[in-house]
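Listed below, chain by chain, are the residues.
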Amino acid sequence: MTARLLTPSKITAWLSCEHALTLQHQLESGAIAPVAQPFGSFARLLANKGLEHEAACLAAYRAQGLSVLEIPDRKRSETFAEWVERVGDPFAEGHDVIYQLPFAHDGVRGVADFVLRVVDEETGQVSYEPVDAKLARSEAKPGHVLQLCFYAEAIEALTGTLPAQMHLWLGSGEFETIRTNDVMPYWRHLRSGSNSLMSEAETTPIPCDHCEICDFASVCEDRWRAEDAVHLVAGVRTVDLAPLEAAGIETVEALAEVSPGSELEGVDPDRLLRMASQAELQRAARTGPGEAPPPFRLIEPPDGLPGSLGYEQLPEPDDGDVFLDFEGHPFWRPSGGLFFLFGWLCRDDAGDGAGGAWTYHARWAHDLDEEGEQVGELIEYLAERRRRRPGMHVYHYNHTERSTLERLARQHGVGELLLDELVGTGAFVDLLAVIRDGMQVGVESYGLKHLEVLAGYQRGEDIGQGAGAVVAYDEFMADGDQASLDRIADYNADDVRATRALRDWLVEQRDDAHDWRDAELTPDELPEELEARVAALKAFGPDTDEHLLADVLGYWQREWSAHKVQRMSRLTGSANSVLEDPLVIGSMVWEAEIPRVHKGHGGAIDPAMRFSFPDQEIHPSINSRGRFMFEAPDGQTGYAGVDSLGSGVIDLAWNERCQELGVLPEAIVFNDWVAPKPKPEALDDFAARLIGPDTAGAPNPVSLALLRRELPRFVAGEGPADGRFTGDLDEMRRWAPHLDNSYVAVQGPPGTGKT
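Everything numeric here is computed off the predicted structure, so don't read it as measured data. (Residues numbered from 1 in each chain as written. Predicted model: local features only at pLDDT ≥ 70, side-chain atom pairs only at ≥ 80, totals over all residues. Heavy atoms only, no water.)

Draft legend 1. Just helix H20 (residues 545-553), in detail. Listed as buried for H20 are Glu-546, His-547, Leu-549, Ala-550 and Leu-553. Here the buried residues of H20 occupy an arc of 160° about the axis, which is enough to place them on one side. Looking at the buried positions of H20, the neighbouring elements they touch are helix H19 (528-538), helix H21 (555-569), helix H24 (679-691) and helix H26 (701-707). (Buried < 20%, exposed > 50% of the residue type's maximum accessible area, 1.4 Å probe, protein only. Helix = DSSP H or I, 4+ residues; strand = E, 2+ residues; numbered from the N terminus. Arc of directions from axis to C-beta. Contact = heavy atoms within 4.5 Å.)

Take a look at the structure:
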């Protein structure tokens, strides 16, 4: 039997999915036949983007004047070991950079993107450090670090010196450095258990994130379908599988047979009933007529009142309604993505002011400047349309369009205030939330393409999914062919038309038991004193400095209101949707009041309330120092900090405000708002002084200069030489103390001496 070889990528895959490594071993031993690899156009695109990033890194090293040794490619006829032997000692000639260096060490093999020659400035000792080029943009992933650990270990075996540092050249252009000794113990721990990685132990395929990139995805999919695996039921989570299987519920059929009132340890009874109902609908869809739409049922509110939770989120249709969808390229550049198409469907106004025909609009952006322009123009268009038609709404499917628009507005600094008002007053309507909280449908996925069949919508485009639009846009980037853009526009037009068809179908199912959601929601008002201050400043008229300050004055209040509305809306869905939200802890049950004492003086302080909750995904940022919000029956909001957080148990510090509300919440939502104090208070004080200097005192002259956008002023003879600024740090230190009630904006990367 041929000895098995480990690679860093195998170990990374094993960390994500043990079954993936089992299948790889079976393939290598001949126990299973080779798997046909479709390696579709999107996979090729990602591979090409990775190669482009790698080539850019190589070019950057050359541009620095470093000597680069490019290792020749492996010949088709030679083994990996023969390739390593042919390469020989790559360190002998003292090159600054070695590119594509193969390593075979201690039963593991791999190829390092780059190895850097490093000279200690004090001792003159030479060492080598591995660098990997990765498309990831924000931070190193565990698998990336483990690959570097192998390269570091192999370098030590060849040179006798363990690299002090390892590096990742991220797609963002950032160079992330990892101290080798900080992570090497974990790598060695994994290596010490390599026998388990190489064993024949039986493993079971379980859906996980690795499925999206796994070579064996089709193998597992075929097995799941043959076994009628229970996770094929929409809404069944990975954490549900263990308690379901422990009860012998391992198939869709078995889950569909669970009767109302059944109990299952580790699963909330209402959730079990919801999953069983979903399984029953999917079973009915399988046995129904081939062309018939899937069956569905409305979800009744838990208090027994008529209606549906989902329909409470649906406003009355209006001729001004807009249906919105975006297309983006996540790997437009290694450093960042681009939203290249903003598409929407609306009725264009006829000459008599009545609603005209439904028309599709496509707005393109081929670089970041155009992206910012399109975002600003879209927000202004939506705000103006809502001003003229207060009953209009912007419909989208899933939260992506709204959250993307908010992110892009912040990124480009356009339309933020207008968008805050649109969001805060409920202009955006997510139809996925309406459906998810309002009904169950006999489909495996609640994606738009699975649910549009309810409305009888039939697509006409030749792009099958969003990834296809990315590939088509990449083709346009390469050859400039307008036909690629036309195909994308047709696909996007289908999405917005399907969204409208689904909205209309939902309206058709509605009955008199459902009230329309208010056309405009009321966001939190500004405090009276602040409102009066804003009014006084705006009285100076448009295009004045005071009017600008008025717009800025309520900024943090508006930001907080928008944040609060979005977070509290996560608590309004069904118990099932709340459990699926990682920012919410749901199905909480009060257990006890826990006395607390001050850690310093030992006196009694506010107690903690202990709640238990079922197993559910919790966002990684939620910890023992987290803060939460919850809703009281009268519409007020409670705020509580975490005293302790464990598996299935949370203790909330029950402050005086929580005690006054007199409610023990069943669901709480994570509140990660960062209080902006003392900025709002300082700005409010400045506004008060600007309006009434006789009573509040004169405004700060530097703040006033900043508001008026005045040029920098210096004490006579102490400003920059010849009145021109340079980037010389010593020169800046010389003139900075001599600013005359003025300011200068200083920009530069961290560590360059700004402070």
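Draft legend 2. Layout of the pattern of salt bridges. The tally for this structure, following the rule as stated, stands at 39 salt bridges. Among the salt bridges present, the one from Asp-581 reaches Arg-570, with a minimum N-O distance of 2.7 Å. Pair noted here: Asp-581 is in the loop between helix H22 (575-579) and strand S14 (584-585) and Arg-570 is in the loop between H21 and H22, with a separation of 11 residues, a long-range link. Here Asp-581 falls in the buried class, since its relative accessible area comes to 11%. Arg-570 sits in the partly exposed class, given a relative accessible area of 34%. Put simply, Asp-685 and Arg-689 hold a salt bridge, and the shortest N to O gap is 2.9 Å. With Asp-685 and Arg-689 both in helix H24 and 4 residues apart, the pair spans about one turn of that helix. Since its relative accessible area comes to 39%, Asp-685 is described here as partly exposed. Since its relative accessible area comes to 26%, Arg-689 is described here as partly exposed. (Salt bridge = Lys/Arg side-chain N within 4 Å of Asp/Glu carboxyl O.)

Draft legend 3. Quick look at a negative patch on the surface. A grouping of Asp-367, Asp-369, Glu-373, Glu-377 and Glu-380 is seen on the molecular surface, where their side chains present a negatively charged patch. The topology assignment puts Glu-380 in helix H12 (residues 368-388). (Patch = residues over 30% accessible without salt bridge, like charges linked within 9 Å, V, L, I, M, F, W, Y side chains within 5 Å. Areas by Shrake-Rupley, 256 points an atom, 1.4 Å probe, with all protein chains shown as cover. Lys, Arg positive; Asp, Glu negative; His and termini not counted. Charge placed at Lys NZ, Arg CZ, Asp CG, Glu CD.)

Draft legend 4. Quick peek at the nonpolar core. In terms of nonpolar packing, the biggest core is built from 41 residues, with Tyr-397, Tyr-446, Leu-451, Ile-488 and Leu-506 touching the most fellow members. For this core, the secondary-structure elements that each account for two or more residues are strand S8 (322-333), strand S9 (336-349), helix H15 (431-438), strand S13 (439-441), helix H16 (448-451), helix H17 (466-479) and helix H18 (482-509). Tallying contributions element by element places H18 first for this core, with 11 residues. With residues up to four places along the chain from it excluded, the contact list for Tyr-446 reads Ala-234, Gln-278, Tyr-397, Leu-432, Ile-435, Met-439, Gln-440, Val-441 and Leu-451. (Core = buried A, V, L, I, M, F, W, Y, C linked by side-chain atoms within 4.5 Å.)

Draft legend 5. Structural view of the pairing of strand S19 (residues 649-653). Among the 5 residues of S19, 4 are classified as buried, and the element is accordingly described as predominantly covered. Pairing of strand S16 (residues 604-612) with S19, which is carried by 5 bridges, proceeds in the antiparallel orientation. Bridge pairing in S19 links Ser-612 to Val-649. Looking at chain direction, strand S18 (residues 637-646) and S19 are connected through 5 bridges and run antiparallel. The residue bridging Leu-645 from the neighbouring strand is Ile-650, located in S19. Joining the antiparallel neighbours S18 and S19 is a turn of 2 residues, in which Gly-648 adopts a positive phi near 75°. (Pairing = 2+ DSSP bridges.)

Draft legend 6. Seen up close, the pairing of S9. Of all 14 residues in S9, 10 are buried, a share of seventy percent or more. Of the strand pairs in this sheet, S8 and S9 are connected by 9 bridges, and their pairing is antiparallel. Bridge pairing in S9 links Phe-326 to Phe-342. Linking S8 back to S9 in an antiparallel pair, the connection comprises 2 residues.

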